[in-house]
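Chain by chain, the residues run as shown.
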Amino acid sequence: MTSGGVHSGEAARRRLRKRHAAERRFRLYGLAAIGLALGALVTLLGTVVVRGLPAFFGYEVTLDLHLDAARLDPQGGRRPGDLGRGDYGRVVKDALRALFPEVKGRRERRRLHALVSSGAAFDLRERVLAEPDLVGSTIALAVPLSDDADLFFKGGVDAEAAEADRRLSDAQITWLRALQSEGRVARRFWTRFFRAGDSREPELAGIWGALVGSLWTLGVTLLLSFPLGVAAAVYLEEFAPKGRLTDFIEVNINNLAAVPSIVFGLLGLAVFLNLSGLPRSAPLVGGLVLALMTLPTVIIASRSSIMAVPPGIREAAMGIGASPIQVVGHHVLPLALPGILTGTILGMARALGETAPLLMIGMVAFIVDVPTGPTAPATVLPVQVYLWADSPERAFVAKTSGAILVLLAFLVAMNLAAVLLRSRFERRW
Amino acid sequence: MLPLTLALLLLSTAAFVLGRRRAFAVVEGETRLLHSQPGSYGQWVALWCALPSLAVVVAWWLLEPALIEWQTFAGAPAEVVELPPERRELFARDALALSAGEVTSSEPGPALRAAAGRIQRVEGLGQLSVGGLAAAVALMGLGWARGRIRPQLRARNHVEAVARTALAASSLVAILATVGIVLSLVFEAARFFALVPLGDFLFGLEWSPQTAIRADQVGSSGAFGAAPVFAGTLLITALAMAVAVPVGLLAAIFLSDYATPLTRAWVKPLLEILAGIPTVVYGFFAALSVGPLVRQLGERLGWEVSSESALAAGLVMGVMIIPFVSSLSDDVINAVPRSLREGSLGLGATKSETIRRVVLPAALPGIVGAVLLAISRAIGETMIVVMAAGLAANLSANPFEAVTTVTVQIVTLLVGDQEFDSAKTLAAFALGLALFLVTLGLNVVALVVVRRYREQYD
C-alpha cells in the first residue's frame, strides 16, 4: 500500500473525515428533531399541569355569622318559602364588618365585602334551609373567598407593585393578612370545581355541567356510531359484492375521514338544526354530528379487525352448515370484537376532545344548569375550556388548565382502556 | 317517545317468546321437523311485530310537520293567512314555540294563541292515535305471523334477509353523510352567490362581513372579498409546514434508521401523544404561552408584533402536525425495499448518504403524499387559529401580523344568534364549501400519489 493512492492518501482521509462528520451531523439533526417534538410535548403538558393544579385548591375564610331572625325570617314561621327569601348577603357583610369595625365609608366597605365571594350568601342560604333551627344563633361557616383574594393567597398578587397595577388595594391586602393571622383562612381541596356548573365567578365555576354534557353527547355518539359502524364494516367485509357501489361506499368512507371537523358542524347546522328543527345547544345534535364524524374511524377499525379473522374459521363454520349470517354472528364478530372495541374507544376519545363542530351547533352558550337529558341545553368539556380561555378574569386561567387536566385524564383513561383491551384480548393468528 | 320505544321493545320480546313457543307446539316438540331452529321463528314473529309499527311511527314523524303547518293557518284570520312569506314563517315559528311553552319573538296575540292551541291539539291527537295505531299494527303483525308458523316456513332465511338488508343500509349512511355535507354546503353557498358574485368572493381584496348591522342592509353592504382570508390560511399553513415537515421527516428517519428498538418503542408512542391532545388544548397553549413569547421576542428585536400573530398559531399548529407527518413518512420509508439500502451500503456509502441519495428519492412520492395530507389537515384545523390567530383580515405575508383564516371566519360568522338568511351567515357556508373542496382535492391527489408509489415496489 502506497500512501499516494486515491483511497488512502491524505486527501482521501480528509474526504472520509468529512463524510463521517456529515454522518454525525445528520444523526444529530434526527436527534434534535425528536428532542424538539418531545420538548414541545413536555412544555405543553408541563404548562398545563403547573397552571392547572391551583384550580383544584382554593382558600376559604371562616366567618362568625349571626343568623339574625329579623333579617332571615321576618315572618317568624321558619317556613322554607320565607327562609329562602332572607337577606343572606347582609348577614355575610355584617360578619365581615364585625371583624373590621374600623372600616368606614361606602367605598371602603364595598372593598371589604368584595373579599368574600358572592357564593358565600348562597352557601349560607343552603345551610339555613337544611337546618332552619339555626336561625337566631351564631355559626362559624367557612365560605369561599373572591377570586382576587384567592389569587393573593396563591401568590398571584404582587404586593410590592404599585397599588393601581393590582386588583387588590393596600387596605384589602392588610385585611386579608389580618384574617390569615387570626387563623380564619384555610386552603381546601376545591370540590366545588368538580360538582358545580359554569359561573361568571371563577371561584364558583365548576366542570360538572360540562362533564355531564360530554357524557350525554358521547352517549348519543356511541349509540349511533357503534352499531352503524360495525354493521357497515360487516357488510363491506363479508357481504358486499365487488362493484361500483361498493367502491363508491369505500371512497366515501375514506373521504369522510379526511373532511375537516368544522365542516361536520356546518352539516349539523344546516341539516339537523335548520332543516329538521332539532333544538340548539343540545347533546342530541352534538352527538349526531360527532357520530357522523367518528363513523369512518369505527368502520375502518372494525373492517381491519374483521379482516384479521382467518378465513379458516369462516370455512369451518360454513362446513358444518352455518349460514353466512350465522358465520358472522357466531364466529367472526365475537373474535373481532376486541379490535372493534379498541377502535371504537379511540374514536370516542377523539370525539370527546372535539370542539369546532360543536361551536357551530350552539353548544357554546353560557349554561349554569347541569343538563338533565339529551335535549337540554348543554356544553361539553373542550368547549368549556374554550369558553373559560376567553374569559378576562385571571383566575379563569387556572380553571381552564384544571378543566384541561380533567379532559386529559379522561383521554388517558380511554386510551389505556384501549391498550389494555388490545393486549388482553386481541388474538394474533 | 321513550314510552313508545319501551312498549315496542316489550311487545317484540313477547312476540319472540310467543313465536318460539308456537314453533314447538306446531311440531309437538319434534323440533327436527322444523325447517329452522325454534328461535328463528321467534325472531321472525318479533320482526313482523316491530317493523310495521316502526314504519307507522316514522310515517308520523314525516307527516307531523306538514299537519302542523296546515293546522297553524287553517281557521286563522285572513290577515294572518295573507301575510308575506317571511312574516308567515315567523308566525308559524312563534305558534310552535308558544305551543311548546317557549319564548316567542313578540307578545302573543289572540290569533297566535289560537294557532298554538290547534298545534297542541294536533300533537296531542298524534301522540294518542299514533301510539294506538302503532300498538294495533304491532299486535296484528304478531298475530298474523304467529298464525302462519308451519314446519315448512323458512323462518331463518326470512330473518337473515332482513338482517342483510339492514347491514347494507347501514353502509349507505356514509354515502348519506357525504351527500348531506355536499348538499347543505352547495345549497347555502348558492344562496350566498346569488347575493355576492363568485368573482368578488374569490378575488375581492376586502373582507368585512360584520358591517351589515340593520336587517334591511342585506348583502350589498358588507364586503365579501375572501382573498385576504385565503392568504391568511396559506400563511399559517406554510408556517405550520415549515415546522412540521422538517421535524417530522427527520424524526421519522431517525426512528426508522438510527434508533435502537428500545428507543423506538418509547419515542414513537410519545410522539403519538401529540396527535391525541385535543386541539383546544393547543389553542390555549398558543394563546397563553406562545403568543406572548413571540411578542416579547419580536419586541426585543425591535419588530412590531401584534399579540395575535400568525407565527404563534403557525408554530403550535406545526407541533400538532409533527406526529402526522412522522408516522406517515415512517410507513413510507419502511416500505422502501431493503435491497436498495443494501445495494447502496455495499457500494460504500455511509448511512446518511444512503438515506439522502437512495431512500429519500425512492420514498419521495410517498412523502409528498404525506405532506399533502398534512397540509389538508392544517387548512381544516380550527381551534388553534380561533384562539391564537386574529379576526382582522389583513392581506399580509408578515408572520408577526395578525391574519385570519377560513375556519376562524366560519366560526365567528356562525357563533352567536343571527338571521339565517343574511349574506353574513351564508358566507360561512361559501367558505365551508371552499374548505371542503380544497381538502377533498388535496386528499384525492395525495391518495393517488401514495397508491401509485406503493404499486411501484409491490
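Residues numbered from 1 in each chain as written. Chains lettered and ligands numbered in written order. Predicted model: local features only at pLDDT ≥ 70, side-chain atom pairs only at ≥ 80, totals over all residues. Heavy atoms only, no water.

(A) The overall build of chain A, seen in detail. Along the backbone of chain A there are 18 helices and three strands. Here the C-alpha atoms of chain A give a radius of gyration of 31 Å, more than 25% beyond the 22 Å that 2.2 N^0.38 yields for 429 residues. Counting only C-alpha atoms and orienting by the principal axes, one finds that chain A spans roughly 95 × 80 × 40 Å. Here chain A holds 429 residues, and 49% of them are scored as buried. For chain A, the share of sequence-separated contacts (at least 6 apart) that also reach a separation of at least 24 residues comes to 75%. Accessible surface for chain A amounts to roughly 20,400 Å². Of this, 59% is attributable to carbon and sulfur atoms. Looking at charge distribution, chain A has the averaged site of its 47 positive side-chain charges lying 9 Å from that of its 37 negative ones. (Helix = DSSP H or I, 4+ residues; strand = E, 2+ residues; numbered from the N terminus. Rg over C-alpha atoms; globule rule 2.2 N^0.38 Å. Buried < 20%, exposed > 50% of the residue type's maximum accessible area, 1.4 Å probe, protein only. Contact = heavy atoms within 4.5 Å. Areas by Shrake-Rupley, 256 points an atom, 1.4 Å probe, with all protein chains shown as cover. Lys, Arg positive; Asp, Glu negative; His and termini not counted. Charge placed at Lys NZ, Arg CZ, Asp CG, Glu CD.)

(B) Structural detail: a nonpolar patch on the surface. Among the surface-exposed residues, L45(A), L270(B) and I273(B) lie close enough to one another that they form a single nonpolar patch of about 200 Å² accessible area. Within the secondary structure layout, L270(B) lies in helix α9 (residues 261-276). (Patch = residues over 30% accessible without salt bridge, like charges linked within 9 Å, V, L, I, M, F, W, Y side chains within 5 Å. Salt bridge = Lys/Arg side-chain N within 4 Å of Asp/Glu carboxyl O.)

(C) Here's a closer look at the nonpolar core. Counting 179 residues, the largest nonpolar core has I181(B), W207(B), Y282(B), I321(B) and I410(B) as the members making the most contacts within it. Excluding residues within four positions of it along the chain, I321(B) makes contact with M241(B), A244(B), A374(B) and A378(B). Grouped together as the second largest cluster of nonpolar side chains are 38 residues, V61(A), V92(A), V103(A) and A120(A) included. (Core = buried A, V, L, I, M, F, W, Y, C linked by side-chain atoms within 4.5 Å.)

(D) Spatial organisation of the pairing of strand β1 (residues 57-66) of chain A. Residues and elements named next belong to chain A. Sheet topology note: the β1/strand β3 (residues 185-189) ladder contains five bridges and is antiparallel. Considered in β3, the bridge of E60 is made with A186. Bridge count between β1 and strand β2 (residues 138-144): seven bridges; the pairing is antiparallel. Each bridged residue has a counterpart across the sheet, and for D64 the counterpart in β2 is A140. (Pairing = 2+ DSSP bridges.)

(E) Representation of the domain arrangement of chain A in the model. When cut into domains, chain A gives domain 1 (58-188) and domain 2 (208-425). Between domain 1 of chain A and domain 2 of chain A, the C-alpha centre-to-centre distance is 46 Å. (Domains from an automatic or database assignment.)

(F) Summary view of the pattern of salt bridges. Taken as a whole and judged by the stated rule, the model has 23 salt bridges over all chains. For R314(A), the salt bridge is made with E238(A), and the minimal N-O distance between the two is 2.8 Å. Of the two residues, R314(A) is situated in helix α14 (residues 311-319) and E238(A) in helix α10 (residues 208-239); the sequence distance between them amounts to 76 residues. Judged by its relative accessible area of 24%, E238(A) falls in the partly exposed class. With its nearest N and O atoms 3.4 Å apart, the salt bridge here joins R264(B) to D330(B). Pair noted here: R264(B) is in helix α9 and D330(B) is in helix α11 (residues 310-335), with a separation of 66 residues, a long-range link. Judged by its relative accessible area of 25%, R264(B) falls in the partly exposed class. On the basis of relative accessibility, which here comes to 3%, the residue D330(B) falls in the buried class.

(G) Looking closely at the packing of aromatic side chains. All chains considered together, the criterion is met by 19 aromatic pairs over all chains. In this structure, R187(A) is placed above the aromatic ring of F57(A), and the distance from its NZ or CZ to the ring centre is 4.3 Å. Positioned over the ring face of Y258(B) is K351(B), at 5.1 Å from the centre of the ring. (Phe/Tyr/Trp six-rings, centres within 6.5 Å; stacked < 30°, edge-to-face > 60°. Lys NZ or Arg CZ within 6 Å of the ring centre and 35° of its normal.)

(H) Structural view of the side chain of T400(A). Checked against the element boundaries, T400(A) lands in helix α18 (residues 395-425). For T400(A), a relative accessible area of 0% gives the class buried. In contact with T400(A), not counting residues within four places along its chain, are V385(A), W388(A), A389(A) and F284(B).

(I) Just helix α6 (residues 155-195) of chain B, in detail. With 41 residues, α6(B) extends 59 Å between its outermost C-alpha atoms, agreeing within 8% with the 60 Å of an ideal straight helix rising 1.5 Å per residue. The largest bend along α6(B) measures about 25° and falls at A174(B). (Expected span 1.5 Å × (residues − 1). Bend = angle between axes of the 7 residues up to and from the residue.)

(J) Broad picture of the packing of helix α12 (residues 261-275) of chain A against α6(B). Two elements in contact, α12(A) and α6(B), have axes separated by 9 Å at closest approach and are oriented at 75°. As far as their axial angle goes, α6(B) and α12(A) are roughly perpendicular. Across from V263(A), F264(A), L266(A), L267(A), A270(A) and V271(A) in α12(A), the residues of α6(B) making contact are G180(B), I181(B), S184(B) and L185(B). Split by residue class, the contact of α12(A) with α6(B) holds eight nonpolar, two polar and no charged. (Axes fitted to C-alpha atoms, helices over the stretch in contact; angles between N-to-C directions. Parallel < 35°, antiparallel > 145°, perpendicular 65-115°, else oblique. Nonpolar A, V, L, I, M, F, W, Y, C, P; charged D, E, K, R; others polar.)

(K) Just the interface of chain B and chain A, in detail. Residue-level contacts link 71 residues of chain B with 72 residues of chain A. With both chains or domains summed, chain B and chain A bury close to 6,000 Å², and 80% of this area falls on carbon and sulfur atoms. Taken as a group, L167(B), F254(B) and F284(B) account for 10% of the area that chain B buries against chain A, more than any other trio of residues on that side. The salt bridge involving R19(A) is made with E353(B); its shortest N-O contact spans 2.8 Å. On the surface where chain B and chain A come into contact, there are eight residue pairs in polar contact (both at pLDDT 80 or more). At 18 residues, α6(B) tops the list of elements feeding residues into the side of chain B that touches chain A. A per-class count over the side of chain B that touches chain A returns 47 nonpolar, 17 polar and seven charged. (Buried area = accessible area lost by both parts, 1.4 Å probe. Polar contact = N/O pair within 3.5 Å; in protein donor to acceptor, adjacent residues only side chain to side chain.)

(L) Local environment of the domain arrangement of chain B. With domains assigned, chain B is organised as domain 1 (2-153) and domain 2 (223-457). Put simply, the middle of domain 1 of chain B and the middle of domain 2 of chain B, counted by C-alpha atoms, are 50 Å apart.

(M) Quick look at helix α13 (residues 351-380) of chain B. Its 30 residues place the ends of α13(B) only 37 Å apart at the C-alpha level, less than the 44 Å of an ideal helix rising 1.5 Å per residue. In the structure, α13(B) departs most strongly from a straight axis at L364(B), where the bend amounts to approximately 60° and where the proline P365(B) lies between one and four residues downstream.

(N) The arrangement of the sheet that holds β2(A) in detail. Residue and element names in this part refer to chain A. If you trace the three strands from one edge of the open sheet to the other, you get β2-β1-β3, paired in antiparallel fashion. Edge strands, defined here as strands with exactly one partner in the open sheet, are β2 and β3. In this sheet, adjacent strand axes meet at a mean angle of 40° when their direction is disregarded. Running at roughly 135° to β2, helix α6 (residues 119-130) makes contact with β1 and β2 of the sheet.

(O) Layout of unusual backbone geometry. At S281(A), a residue that is not glycine, the phi angle is positive and equals roughly 60°. Here S281(A) shows up in the loop between α12 and α13 (283-307). Phi at E28(B) is positive, roughly 50°, even though this residue is not glycine. Within the secondary structure, E28(B) sits in the loop between α1 (2-26) and α2 (38-73).

(P) Inspection of a positive patch on the surface at higher detail. Taken together, the side chains of K18(A), R25(A), R356(B) and R357(B) define a basic patch exposed on the protein surface. Those elements that provide at least two residues to the positive patch are α1 (10-52) of chain A together with α13 of chain B.

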